[in-house]
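Understanding the architecture of this molecule
Each chain, letter by letter, is given below.
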Amino acid sequence: MSTTDSPRPGPVGRSSGADSTDANSIRRRLLDEAARVLAERGPAALSARRLVREVGASTMAVYTHFGSMPALVREVIREGFARFMERLKKVRTDDEDPVAELFALCRVYREFAVAEPHVYAVLFGGSGLAGFELDDSDRDMGVYVLRVPRDAIVRAMALGRFREADSWLVVRQLWCLLHGLSDLERTGYLRADHLGGGVGLGDFLELVLRDFAVGAGDTVEAATASLAESAGRNS
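Residues numbered from 1 in each chain as written. Predicted model: local features only at pLDDT ≥ 70, side-chain atom pairs only at ≥ 80, totals over all residues. Heavy atoms only, no water.

**Structural notes on the overall build of the chain**
Across its full length, the chain carries 11 helices and zero strands. The helix and strand sequence of the chain, counted from the amino end, reads α-α-α-α-α-α-α-α-α-α-α. Looking at the 235 residues of the chain, the share that counts as buried comes to 46%. Carbon and sulfur atoms make up 51% of the accessible area of the chain, which amounts to about 11500 Å² in all. (Helix = DSSP H or I, 4+ residues; strand = E, 2+ residues; numbered from the N terminus. Buried < 20%, exposed > 50% of the residue type's maximum accessible area, 1.4 Å probe, protein only. Areas by Shrake-Rupley, 256 points an atom, 1.4 Å probe, with all protein chains shown as cover.)

**Here we look at the pattern of salt bridges**
Considering all chains together, one arrives at 19 salt bridges under this definition. As a salt-bridge pair, D151 and R155 come within 2.9 Å of each other at their nearest N and O atoms. On the criterion of helical spacing, the pair formed by D151 and R155 is a turn pair, its members being four residues apart in helix α7 (residues 136–158). We classify D151 as partly exposed; its relative accessible area is 37%. On the basis of relative accessible area, R155 is assigned to the buried category, the value being 14%. (Salt bridge = Lys/Arg side-chain N within 4 Å of Asp/Glu carboxyl O.)

**Regarding the confidence of the model for the chain**
Any region with low pLDDT has predicted coordinates that should not be read closely. In the predicted model, the chain carries a mean pLDDT of 83, and the fraction of residues at 70 or more is 85%. Note on residues 10–18: pLDDT under 50 across the span, and 17 contacts to partners over four residues away in sequence or across chains. (pLDDT = per-residue confidence, 0-100. Contact = heavy atoms within 4.5 Å.)

**Observations concerning the environment of G80**
Of note, G80 is situated in helix α4 (residues 69–89). Remark: the alpha-carbon pair of G80 and F112, spanning 32 residues in sequence, is separated by 9.9 Å. In this view, G80 contacts E75, F112, V119 and L123; residues no more than four positions away in its chain are not counted.

**A word on the side chain of S226**
Within the secondary structure, S226 sits in helix α11 (residues 220–231). According to the relative accessible area criterion, S226 is buried, its value standing at 1%. In this structure the side chain of S226 is engaged in a polar contact, spanning 2.9 Å, whose partner is the side chain of R161. Ignoring sequence-local partners within four residues, the contact set of S226 consists of D97, V99, A100, F103 and R161. (Polar contact = N/O pair within 3.5 Å; in protein donor to acceptor, adjacent residues only side chain to side chain.)

**Thoughts on helix α5 (residues 98–115)**
The terminal C-alpha atoms of α5 lie 25 Å apart, and with 18 residues this matches the ideal 26 Å at 1.5 Å per residue to within 8%. Of all 18 residues making up α5, 15 are buried, and the element is well covered by its neighbours. (Expected span 1.5 Å × (residues − 1).)

**Digging into the packing of α5 against helix α10 (residues 201–215)**
Two elements in contact, α5 and α10, have axes whose closest approach is 11 Å; the angle formed by their N-to-C orientations is 140°. By the angle between their directions, the pair α5 and α10 is classed as oblique. The handedness of the crossing between α5 and α10 comes out as right-handed. Here α5 contributes L102, F103, C106, R107 and R110 to the contact with α10, which in turn contributes L201, G202, L205, E206, L209, F212 and A213. (Axes fitted to C-alpha atoms, helices over the stretch in contact; angles between N-to-C directions. Parallel < 35°, antiparallel > 145°, perpendicular 65-115°, else oblique. Left-handed = near helix turned anticlockwise from the far one by under 90°.)

**Details of the nonpolar core**
With 66 residues, the main nonpolar core has L46, L102, F162 and L209 as its most contacted residues. Considering each element in turn, this core owes the most residues, 10 residues, to α5. Setting aside residues no more than four positions away along its own chain, L102 makes contact with P149, A152, I153, F162, L174 and F212. (Core = buried A, V, L, I, M, F, W, Y, C linked by side-chain atoms within 4.5 Å.)

**Considering the packing of aromatic side chains**
What the rule picks out here adds up to eight aromatic pairs. Measuring from centroid to centroid gives 5.8 Å for F124 and W175, while their planes differ by 80°, and the two rings are edge-to-face. Of the two residues, F124 is situated in helix α6 (residues 117–124) and W175 in helix α8 (residues 167–186); the sequence distance between them amounts to 51 residues. Classification of W175 as partly exposed rests on a relative accessible area of 21%. On the basis of an interplanar angle of 85° and a centroid distance of 6.3 Å, the ring pair of F162 and F212 is categorised as edge-to-face. One end of the pair, F162, is in the loop between α7 and α8; the other, F212, is in helix α10, with 50 residues separating them in the sequence. (Phe/Tyr/Trp six-rings, centres within 6.5 Å; stacked < 30°, edge-to-face > 60°.)

**Quick look at the environment of G202**
With respect to the element layout, G202 can be found in helix α10. Exposure remark for G202: the relative accessible area of 30% places this residue in the partly exposed category.

**Remarks on the side chain of D218**
As for its placement among the helices and strands, D218 is situated in the loop between α10 and α11. Overall, D218 belongs to the buried group, its relative accessible area being 7%. Side-chain polar atoms of D218 contact the side chain of R161, separated by 2.7 Å. Discounting chain neighbours no more than four positions away, the residues touching D218 are V99, R161, F162, A213 and A223.

Here is the structure:
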């Protein structure tokens, strides 16, 4: 599948009817607990019995909602990307300052990694999970999410803020920066007390984003102004 044909991620298998609220609640808790176990204890610890014990449901609930344990893991990934995309869509498009829009999207990326660390670890951990291996169609969901920041990058190039380049290459460079920062923060390797000088992790993210923008062709002054503009969009 090509990059331009990447599928839109989204939750599947939703229940309906009078019991839909309870069913969806159980389904969501199963997904959250599966993500937590996978991230904290690894695939060997994941079992239907463990999940239902923590969630307070019957073992049959796993198979009713997902069909199998590998299918549940795939749904953890699909649901995670859908929840990630919901956050990104809350950032409004800004044709006058697409760099500020891009910075706001980057803040959302870090916020998602902090707010849902177990889900984030499953999405981007890259290891075999409960007999389930990511395939290209699963990874295409991650590529689809990249469309959102890539669109802002394309508009920044059109305005002359960023130099003309392969926009997919540029957005992947940005992804590497964000993932490295988020994963190091998630695992405790990057903490505020490591940075010194009263620099917090949010401040550090801003430094990284400013330098990225300047490296992409922006001026320090314009990038700094866009950072200030973007800050209010995530409050």
